[in-house]
Amino acid sequence: MTTTPLHDMILSLLESTAPELRSQHLRAFGADCHGQQVEPHTLSSAGLAAANQASLDPAPIVTDLLLGYAAAREESRTRHWETHLLRRVQQLDGLHRVISAANSTLDLDASLQTVVETVAEVMHVDACSVFLFDQHTRKLSLRATYGLNTRAIGQIVIKLGEGVTGWAGEIGKPVAVTDVQDEPRYQYEPMLGEWQFRSLLCVPIILFASEKHSVEQLQGVITVQTEEPHEYTAEQISYLEVVSGEIALSVANAQLFQQTDDRLHQKVRELATLQRVTSALASTLDLDTLLGLIVEQAVRIARVDRAEVFQISPNGRVRQMAESGTPRSVGVDDLIDQVLRERRPIAVPNAYTDERWPSVQTLAYNDGYHSLFTLPLRTGQRITGALCFYSHAEHHIDYEHVQLLSTFADEAAIALENARLYEETQRNLAIKSTLLQEIHHRVRNNLQTILALLTMQARRLKPNSTGRSALEDSVRRVQAIAAVHNLLSRDDIGTTSVQEIAKQVADNVQMTVVDELDIQFEVTGDSVEVSSREATLLAIVINELVGNACDHGLSANGGTIGIDAWRVDGHAYVQVRDDGPRRPPARRRHSTGLGLQIIENLVNVDLRGKFEFKRDDQWTRAIVCFTPDDDDDF
């Protein structure tokens with residue numbers, strides 16, 4: 001009978017073991033057979049043969065062997081599932097940390113560094129790296145790594161399709177290499193210090209992956225490496241694909257945030273620049289200075305090489321008013337005319353190929369200007385000119401840039417209109433000032449002629465006669481009017497104050513009366529501003545009151561005359577007082593009452609005010625109360 005080692009071992013076990021311990025030892029032997037990967041039917045056949053040879057009942061012997069085998073198999077399966085579940089838990093925990101890292105910050109570099117460290121820990125690999133794809137350069141650059149030289153971050157650049165990493169990005173599918181020494185596409189990078197690594201797994205980072213791969217969806221590539229050759233399982237590849245999906249969303253969000261943040265900062269810088277430019281344009285009303293500022297700031301704010309301002313003259317012709325930047329040899333009148341005619345901006349991205357305006361092409365070939373942009377200057381609905389920008393480099397104007405330049409053009413147009421109106425106003429003011437000075441000169445001459453005639457007529461009459469007194473009173477009134485006229489003909493024409501009127505009247509009276517009487521004048525109170533109409537009326541009123549004081553209250557030995565002015569609750573008060581009550585009785589002089597009648601008419605009717613006399617032991621007071629005009633009546 002032919003036997004096997006397994007048969008001999010079971011037979012030896014049956015012969016050497018006590019019957020009460022036989023079942024336990026047989027089950028332990030069956031478990032050992034599972035560990036040695038013995039097939040169940042082989043075990044049962046060997047047990048059956050050994051039992052027959054030992055003349056024992058084979059049923060309990062085979063049962064114990066298979067029970068031990070089955071128990072060991074179930075224990076092995078349980079350990080396998082425990083290991084598998086533990087690994088899955090670790091992967092889920094790692095994936096949770098990856099997601100948390102991706103969503104916890106918009107700092108992309110910090111987020112990616114956490115990702116590579118977590119992936120290396122969860123997958124039990126020696127190195128993990130992330131390369132991000134630049135859509136403009138079509139290259140992958142190292143942005144985060146664990147296990148490789150961190151100084152290579154930002155320095156290593158891989159072309160799309162180059163090496164295993166570039167190849168994975170190009171085809172949009174995972175590429176697993178068990179041993180890089182057997183992979184012809186593999187390229188060693190000395191700066192990374194990866195000479196000791198043997199296996200490599202590259203998974204593309206794709207945003208919204210689809211069956212048909214497009215490079216526009218590629219965000220980058222994530223790689224893992226081990227120092228020993230390693231065959232990556234489908235589970236490992238699948239896990240890294242899930243991680244790459246989360247990274248794709250994180251990278252896209254970070255890039256959108258960066259773009260938004262950059263645009264926001266750009267907008268803030270543009271608005272700050274526009275505010276400074278607006279302040280600069282508002283700082284002057286000199287037209288030549290303003291034009292220079294506009295073209296200088298236009299070059300700066302548009303980031304171009306040349307800027308020009310054109311204006312429409314009163315005769316409808318368009319002429320260049322100012323320029324700044326590099327010179328040009330050819331004009332673009334046809335482009336400017338179309339902008340003004342159509343009242344809209346026109347951009348010329350490529351002047352070399354644009355055939356709409358022959359002069360533009362000529363300008364491009366002669367002076368090297370690649371792009372032009374022209375927009376109208378408008379004030380309200382009126383087009384006043386145009387602003388033209390020139391750039392040697394290709395210059396595309398987006399919507400936001402057009403809005404910025406349009407706002408600048410509107411500010412420039414308003415500033416130019418203000419400067420033009422100011423210049424026109426200054427010219428008109430100079431003309432009117434000359435005319436007014438001529439009018440004042442003629443009025444002054446006429447008043448002097450009237451004074452001379454009245455004085456000559458008075459000298460022909462007898463001294464102290466009624467006729468001569470009346471003419472002398474008229475002379476004083478005309479002198480008062482002439483004095484006020486002199487006040488109002490100064491540079492601050494149109495207004496004066498009661499104090500200045502009072503001083504002029506006092507000077508006139510002193511020239512005619514001081515030789516006969518010792519009279520002192522006091523001018524006090526607030527500075528009460530009055531219009532030209534009120535000034536003329538007050539000059540006559542004050543002159544009459546001062547003359548009345550000189551003729552009646554102080555005609556004996558002279559005295560003091562005070563002229564006071566103040567304001568209360570919007571009303572103006574003018575007081576003429578003399579200390580006649582403290583002086584010797586005055587010489588009687590015949591009065592016709594004309595002066596008092598003039599005063600009452602002027603105050604009550606023309607000034608629409610009130611007039612009253614007061615007398616006490618110290619002063620005789622004449623008080624005028626009126627409401628000053630709000631606006632000058634000059």
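Heads up: the structure comes first, above all this text.
Now for a quick tour of the structure.

Calculation rules
Residue positions are counted from 1 within each chain, in the order its sequence is given. Given that this is a predicted model, residues contribute local features only at a pLDDT of at least 70 and side-chain atom pairs are listed and counted only at 80 or more, while totals for whole chains, interfaces and linings are drawn from all residues. With hydrogens and water stripped out, all remaining heavy atoms of the structure feed into the side-chain values. Here, any two strands with at least 2 DSSP bridges between them count as paired. The secondary structure listing takes helices from DSSP runs of H or I that are at least 4 residues long and strands from runs of E that are at least 2 residues long, numbered from the N terminus. Every axis in this analysis is a line fitted to C-alpha atoms, fitted for helices over the stretch in contact. Angles between the N-to-C directions lie between 0 and 180 degrees. Residue contacts are counted whenever heavy atoms from the two residues lie within 4.5 Å of one another. Oblique is the label for any angle not under 35 degrees, not over 145, and not in the 65 to 115 range, which are roughly parallel, roughly antiparallel and roughly perpendicular in turn. Handedness of each helix crossing follows the sense of rotation of the near helix against the far helix: counterclockwise by less than a right angle gives left-handed, clockwise gives right-handed. Nonpolar residues are Ala, Val, Leu, Ile, Met, Phe, Trp, Tyr, Cys and Pro. Charged residues are Asp, Glu, Lys and Arg, and all others, Gly as well, are polar. Two aromatic rings, drawn from Phe, Tyr or Trp (for Trp, its six-membered ring), form a pair once their centres lie within 6.5 Å of each other, and the interplanar angle then sorts them: stacked below 30 degrees, edge-to-face above 60, tilted otherwise. For each residue, the accessible area found with a 1.4 Å probe, counting protein chains only, is set against the maximum for its type, and the residue is called buried under 20%, exposed over 50%, and partly exposed in between. By definition here, charges over rings are those cases where NZ of Lys or CZ of Arg is within 6 Å of the ring centre and within 35 degrees of the ring normal. One fewer than the residue count of a helix, multiplied by 1.5 Å, yields its expected span. To obtain the arc, one takes the directions from the helix axis to the C-beta atoms. Definition of a polar contact: a pair of N or O atoms within 3.5 Å, with one able to donate and the other able to accept a hydrogen when the atoms are protein atoms, and with sequence-neighbouring residues admitted only if both atoms are side-chain atoms. Throughout this description, the term salt bridge denotes a Lys or Arg side-chain nitrogen within 4 Å of a carboxyl oxygen of Asp or Glu.

**Regarding the sheet that holds strand E1 (residues 127–134)**
Moving on, step 1. Taking strand neighbours across the sheet as the criterion, the 6 strands line up as E3-E2-E1-E6-E5-E4 in an open arrangement whose pairing is antiparallel. Two strands close off the open sheet at either side, each with one partner strand: strand E3 (157–159) and strand E4 (175–177). Each strand of the sheet is rotated relative to its neighbour by a mean of 25°, with strand direction disregarded.
Moving on, step 2. Packed on one face of the sheet, helix H5 (residues 108–123) meets E1, strand E2 (139–146) and strand E6 (218–226) and runs near 60° to E2.

**Things to note about the packing of helix H1 (residues 5–16) against helix H2 (residues 19–35)**
For any two helices packed against each other, the geometry comes down to the angle between their axes and how far apart the axes lie.
Moving on, step 1. Between H1 and H2, whose axes approach to 10 Å, the crossing angle comes to 160°. Taken together, the axis directions place H1 and H2 in an arrangement best described as roughly antiparallel. Considering the relative orientation of H1 and H2, their crossing is right-handed. Between H1, through Leu6, Met9, Ile10, Leu13 and Leu14, and H2, the contact on the second element is made entirely by Arg22, His25, Leu26, Phe29 and Cys33.
Moving on, step 2. Here the contact of H1 with H2 is composed, by residue class, of 8 nonpolar, 1 polar and 1 charged.

**As for the packing of aromatic side chains**
Centre-to-centre distance and the angle between the planes together describe a pair of aromatic rings.
Moving on, step 1. Scanning the model with the defined rule gives 5 aromatic pairs in all.
Moving on, step 2. Residues Tyr352 and Tyr365 carry aromatic rings whose centres are separated by 5.1 Å and whose planes lie at 85° to one another, so their mutual orientation is edge-to-face. Note that Tyr352 is positioned in the loop between strand E9 (346–348) and helix H10 (358–367) and Tyr365 in helix H10, a separation of 13 residues in sequence.
Moving on, step 3. Under the relative-accessibility criterion, Tyr352 is labelled partly exposed at 25%.
Moving on, step 4. Above the ring of Tyr390, the side-chain terminus of Arg306 is found at 5.8 Å from the ring centroid.
Moving on, step 5. Directly above the ring of Trp619 sits Arg577, whose terminal nitrogen or CZ lies 4.6 Å from the centroid.

**Regarding unusual backbone geometry**
Moving on, step 1. If you check the backbone angles, His124 has positive phi at about 55° while not being a glycine.
Moving on, step 2. With respect to the helices and strands, the residue His124 is situated in the loop between H5 and E1.
Moving on, step 3. With phi around 55°, Arg608 is a residue other than glycine that occupies positive phi space.
Moving on, step 4. Its place among the elements puts Arg608 in the loop between helix H15 (594–606) and strand E17 (610–615).

**Thoughts on helix H3 (residues 40–53)**
Think of an α-helix as turning once every 3.6 residues; residues three or four places apart then point the same way.
Moving on, step 1. With 14 residues, H3 should reach 20 Å at 1.5 Å per residue; the first-to-last C-alpha distance of 20 Å fits that figure.
Moving on, step 2. Among the residues making up H3, those that are buried are Leu43, Ser44, Ala46, Gly47, Ala50 and Ala51. With its buried residues spanning 165° around the axis, H3 presents them on a single face.
Moving on, step 3. Taken from the residues just after H3, Ser55 is the one with a positive phi, measuring 60°.

**Quick look at the packing of H1 against H3**
Moving on, step 1. H3 packs onto H1 with a crossing angle of 50° between their chain directions and a minimal axis gap of 8 Å. When the interaxial angle is binned, H1 and H3 end up oblique. As for the relative orientation of H1 and H3, their crossing is right-handed in sense. In contact with Leu6, His7, Ile10, Leu11 and Leu14 of H1, H3 contributes Thr42, Leu43, Ala46, Gly47, Ala49, Ala50, Ala51 and Gln53.
Moving on, step 2. Looking at side-chain class alone, the contact of H1 with H3 contains 9 nonpolar, 4 polar and no charged residues.

**Brief notes about the side chain of Thr226**
Moving on, step 1. Within the secondary structure layout, Thr226 lies in strand E6.
Moving on, step 2. Here Ser199 takes part through its side chain, which lies 2.2 Å from a polar atom of the side chain of Thr226.
Moving on, step 3. Other than its neighbours up to four places away in sequence, Thr226 contacts Val125, Asp126, Phe197, Arg198, Ser199 and Tyr232.

**Quick look at the environment of Met191**
Moving on, step 1. Within the secondary structure, Met191 is located in the loop between E4 and strand E5 (199–206).
Moving on, step 2. Separated by 39 residues in the primary sequence, Met191 and Ala152 place their C-alpha atoms 6.3 Å from one another.
Moving on, step 3. In contact with Met191, not counting residues within four places along its chain, are Asn149, Arg151, Ala152, Gln155 and Ile156.

**Re the sheet that holds strand E16 (residues 571–578)**
Moving on, step 1. The mixed open sheet is built from 5 strands, whose spatial order is E13-E15-E16-E18-E17. Looking at strand neighbours, the two that pair on one side only are strand E13 (519–525) and E17, the edges of this open sheet. On average, each strand axis in the sheet is inclined to that of its neighbour by 15°, with strand direction left out of account.
Moving on, step 2. Of the strands in this sheet, E13, strand E15 (559–568), E16, E17 and strand E18 (620–626) touch helix H14 (residues 532–553), which is tilted by about 20° from E16.
Moving on, step 3. Contacts from H15 reach E17 and E18 within the one sheet, and its direction differs from that of E17 by about 135°.

**Looking at the pairing of E6**
Moving on, step 1. Counted residue by residue, E6 has 9 buried out of 9 residues, so it is predominantly covered.
Moving on, step 2. Across 6 bridges, E1 lies against E6 in antiparallel orientation. Each bridged residue has a counterpart across the sheet, and for Ser129 the counterpart in E6 is Thr223.
Moving on, step 3. As defined by bridge partners, E5 adjoins E6 across 8 bridges and the pair is classed as antiparallel.

**Description of H10**
Moving on, step 1. Among the residues making up H10, those that are buried are Ser359, Val360, Leu363 and Ala364. All buried residues of H10 project into a common sector of 145° when viewed along the axis, lining one side. Facing away from the buried side of H10, by more than 90 degrees, are the exposed residues Pro358 and Tyr365.
Moving on, step 2. Once H10 ends, the next one or two residues include Gly368, with phi positive near 80°.

**Describing the pattern of salt bridges**
Moving on, step 1. Counted by the stated rule, this structure contains 18 salt bridges.
Moving on, step 2. Here Glu522 and Arg577 are joined by a salt bridge, their closest N and O atoms 3.3 Å apart. Residue Glu522 is found in strand E13, and its partner Arg577 is found in strand E16; the two are separated by 55 residues along the sequence.
Moving on, step 3. The class for Glu522 is partly exposed, based on a relative accessible area of 36%.
Moving on, step 4. Look at Arg577 and you get buried, because its relative accessible area is 10%.
Moving on, step 5. With a closest N to O distance of 3.8 Å, Arg621 and Asp616 form a salt bridge.
Moving on, step 6. A residue is classified by how much of its surface remains accessible, and Arg621, at 23% relative accessible area, is partly exposed.
Moving on, step 7. Each of Arg306, Glu308, Glu323 and Arg328 takes part in salt bridges that share partners, so that together they form one network.

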